[in-house]
Amino acid sequence: MREQTVFDLVIIGSGPGGYVAAIRAAQLGLKTACVEKARSLGGTCLNVGCIPSKALLESSEHYISARKHLKQHGIRVEGVSIDVGAMMARKDRVVKTLTSGIAMLFKKNGVTQVTGTGRVVAPDAVEVTGGEETTRLRTRRILIATGSTVAVPRGFRLDGKYVVSSTEALEFDAVPKRLVIIGAGVIGLELGSVWARLGAKVTLIELLPRILAGFDSELATTAQKLFQRQGMKFILGARVGRAEIVGQEVEVGYDDKDGNARSITCDRLLVSVGRRPYTEGLGLEDLGIEMDGHGRIAVDASYQTSVPGIYAVGDVIAGPMLAHKAQEEGVAAVEMMAGHVAKVDYDAIPAIAYTQPEIATVGATEDALKEQGVPYARGTFPFQANGRAKAMGQADGWVKVLADSRTDRILGAHIIGPRAGDLIAELALAIAFEGSSEDVARSCHAHPTLAEVVKEACLAVEGQPIHM
Ligand code: NAD
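Residues numbered from 1 in each chain as written. Predicted model: local features only at pLDDT ≥ 70, side-chain atom pairs only at ≥ 80, totals over all residues. Heavy atoms only, no water.

*Asks:* Whenever I open this one, the sheet that holds strand β22 (residues 410-417) confuses me. Can you help?
*Replies:* Note on sheets: strands pair through backbone hydrogen bonds, and any given pair is parallel or antiparallel. Taken together, the five strands give an open sheet; going across it, the order is β18-β19-β22-β21-β20, and neighbouring strands pair in antiparallel fashion. Pairing within the sheet leaves two strands with one partner each, and these edge strands are β18 (351-353) and β20 (376-382). Neighbour-to-neighbour, the strand axes of the sheet open up by a mean angle of 10 degrees, direction not taken into account. Direction of pairing for strand β19 (residues 358-363) relative to β22: antiparallel, over a ladder of six bridges. Paired with Gly363 across the strands is Gly412, a residue of β22. Where helix α12 (residues 420-432) meets the sheet, its contacts fall on β18, β19, β21 (398-404) and β22, and the angle it forms with β19 comes to roughly 10 degrees. Those strands touched by helix α14 (residues 451-461) are β20, β21 and β22, and its axis lies near 140 degrees from that of β20. (Pairing = 2+ DSSP bridges. Helix = DSSP H or I, 4+ residues; strand = E, 2+ residues; numbered from the N terminus. Axes fitted to C-alpha atoms, helices over the stretch in contact; angles between N-to-C directions. Contact = heavy atoms within 4.5 Å.)

Structure, rendered in structure tokens:
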């Protein structure tokens, strides 16, 4: 075994939590190594998650636009067809550029990249296997950022061809005629959108009586209507029991909302019922690292586990499984290690579904405020009354701002509409600055922009929007 020099910090995992933490730690002067078992850096997000799915969402949107939407702009396009291979190759190029970008950033910042599978063998040592020889990295601190993996319902087996996870659904070599998706969450809706746009008949089967669990329910209701208009079908309140591959088809058995046994046949079945923390093989049990009862690593306010010197961030700990949440935690964790004051504002973490239209949310949902008995005022404003949205021909949706009715402080904001994912940033900032709806309403928003809908929704909190 080869023993390497002593590091200040060894990070296991190079996803958004791990690689951002590594760069920040190096900036702060910590001698840092990042261990990654995959050949390419960036974790699920860059390789088989956020980035490739956004590339395909973009390509499929261009296709639908050429087929359906350009007409309204007076542009005639004929003979539009798709080349799935070329679409996939473009997606792979986008991924490759970004993952190799991380390797460059590591070099630039002096982060040591170690390829292999990391295992914590002592609070000051990480053993790395899978390379040419086993290496033991000695370190003052360890940060676990191993992320999450696909959750599979009991009794289901993914064969990777007919019954697949999101990873393979980003790789189909042809458009499936019938795609059934279990779980109408973010992955189901994003990948369902991609394949529906490209021509698949998409049916989503969801356990709950609504889609987009955890998002504001009014947002989910509007979204469902718009997705149905795009041709997606929803079977809600249904319990899926089995999936059987018969020849080249998959037969999915489920109990509908009234308890009747039903089945549906498809060409491909995507299982997207959530993800679970990826902690196997890290040696956590041997070290006695405490878990939180939900399979996640328990940490304190400085992201330190029950074993001093060992830290964890991102999908392996509590909180939403989002790349940007992991990044914030990674930065905060290493800043605290370096003696700085740092804190993640969990009330100001946006979440976005990159569907058409986009869906974005930050802070409290209206459902939660009602449940908690918080007195609030709401302001809503539709994109239909916005000049820019009209000019774009994308005026479906609205912005909703929820403010404390005693102080006017913004508690939550929810957007469905064009560029919702970008528009939510202003409201996340307002929440982070403890701003009021009046603060946002009184700040000048350029005209004509989609951002004016945010301003108008804030004016509507006081019941006085200008353009309604
Ligand atoms: P999710 O939690 O968003 O949705 C899973 C859905 O499956 C839920 O609605 C749940 O009720 C349903 N479900 C659970 N068990 C079921 C069953 N047996 N039958 C039918 N339905 C069932 O999970 P996801 O869509 O798989 O995404 C995984 C994680 O990745 C999430 O944490 C998500 O936030 C994250 N993600 C984020 C983005 C983004 O930010 N744009 C994109 C993709 C994934």
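*Asks:* Help me out: how do you make sense of the site of the ligand in this one?
*Replies:* Close contacts around the ligand come from 20 residues, with Ile187, Glu190, Glu206, Gly274 and Ile352 the closest. Within the backbone of Val186, a nitrogen or oxygen atom sits 3.3 Å from an oxygen atom of the ligand. In the environment of the ligand, an oxygen atom lies 2.9 Å from a nitrogen or oxygen atom belonging to the backbone of Gly274. Burial of the ligand by the protein chains amounts to 78% of its free accessible area of 830 Å². In terms of residue count, the dominant contributor to the shell around the ligand is helix α6 (residues 186-197) (three residues). (Near = heavy atom within 4 Å. Polar contact = N/O pair within 3.5 Å; in protein donor to acceptor, adjacent residues only side chain to side chain. Areas by Shrake-Rupley, 256 points an atom, 1.4 Å probe, with all protein chains shown as cover.)

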